[in-house]
Amino acid sequence: ITTNTIEIDMEDDEKIHVTPAEVAQAFSHYSSYHCHEKYLICDLQGVFVKKKRTFYFTDPVVHYYDKLKPGKKTAFFGRTNMGRKGIDKFFETHDCNLLCELVTGGFRPARDSSKRQRCC
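Description of the structure in this document. (Residues numbered from 1 in each chain as written. Predicted model: local features only at pLDDT ≥ 70, side-chain atom pairs only at ≥ 80, totals over all residues. Heavy atoms only, no water.)

## Here we look at the pattern of salt bridges
As a reminder, the rule being used: Only one rule defines a salt bridge in this text: a Lys or Arg side-chain nitrogen within 4 Å of an Asp or Glu carboxyl oxygen. Strands are runs of DSSP state E lasting at least 2 residues, helices are runs of H or I lasting at least 4, and numbering of each runs from the N terminus. Exposed residues in this analysis have more than 50% of their type's maximum accessible area, buried residues have under 20%, and partly exposed residues fall in between, with area computed by a 1.4 Å probe over protein chains only.
Tallied over the entire structure, the rule returns four salt bridges. The residue Arg84 makes a salt bridge to Glu37 at a minimum N-O spacing of 3.1 Å. Placement of Arg84 in helix α2 (residues 83–93) and of Glu37 in the loop between α1 (20–34) and β3 (39–42) is noted, with a sequence separation of 47 residues between them. Residue Asp66 is joined to Lys38 by a salt bridge in which the shortest nitrogen-to-oxygen separation is 3.6 Å. Placement of the pair is Asp66 in the loop between β6 (61–64) and α2 and Lys38 in the loop between α1 and β3, with a sequence separation of 28 residues. In this structure, Asp66 and Lys38 share a single accessibility class: buried. Within this structure, Glu37, Arg84 and Asp88 form a network of salt bridges that share partners.

## Considering the pairing of strand β2 (residues 15–18)
Our working rule: Pairs of strands are assigned from DSSP output, requiring at least two bridges between the strands.
Burial of the side chains of β2 is restricted to one face: Ile16 and Val18 are buried, whereas none of Lys15 and His17 on the reverse face is. Bridging between strand β1 (residues 6–9) and β2 involves four bridges; their strand directions are antiparallel. Bridge pairing links Ile8 to Ile16 in β2.

If you want it as structure tokens, here you go:
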């Protein structure tokens with residue numbers, strides 16, 4: 001991922017500038033949020049194609065943890081799947097950025113699941 005900034009047009013004719021790293025971090029945060037902390041997609045690498053205004057992420061790490069089945073760890077996601085430990089480690093080092101707030105209109109704290117729908 002390059003360090004160039006990307007301009008995003010907002011609904012109110014305002015523009016924001018973000019880095020590819022901020023996009024990757026927000027995507028990772030959103031993956032956990034969307035799946036009720038059962039999965040986290042992280043360690044993203046890739047490129048941004050300006051003409052298409054599209055990111056192509058490759059080589060992801062998927063951490064899987066099902067709190068309803070805490071002892072179960074699936075090998076489906078490979079040796080890099082660290083389960084709950086990997087999810088916790090991501091959030092220990094993650095600094096929310098503007099995109100984290102914009103993706104859902106504002107994230108709740110990672111541990112607050114009271115208002116999220118279970119989807120995965």
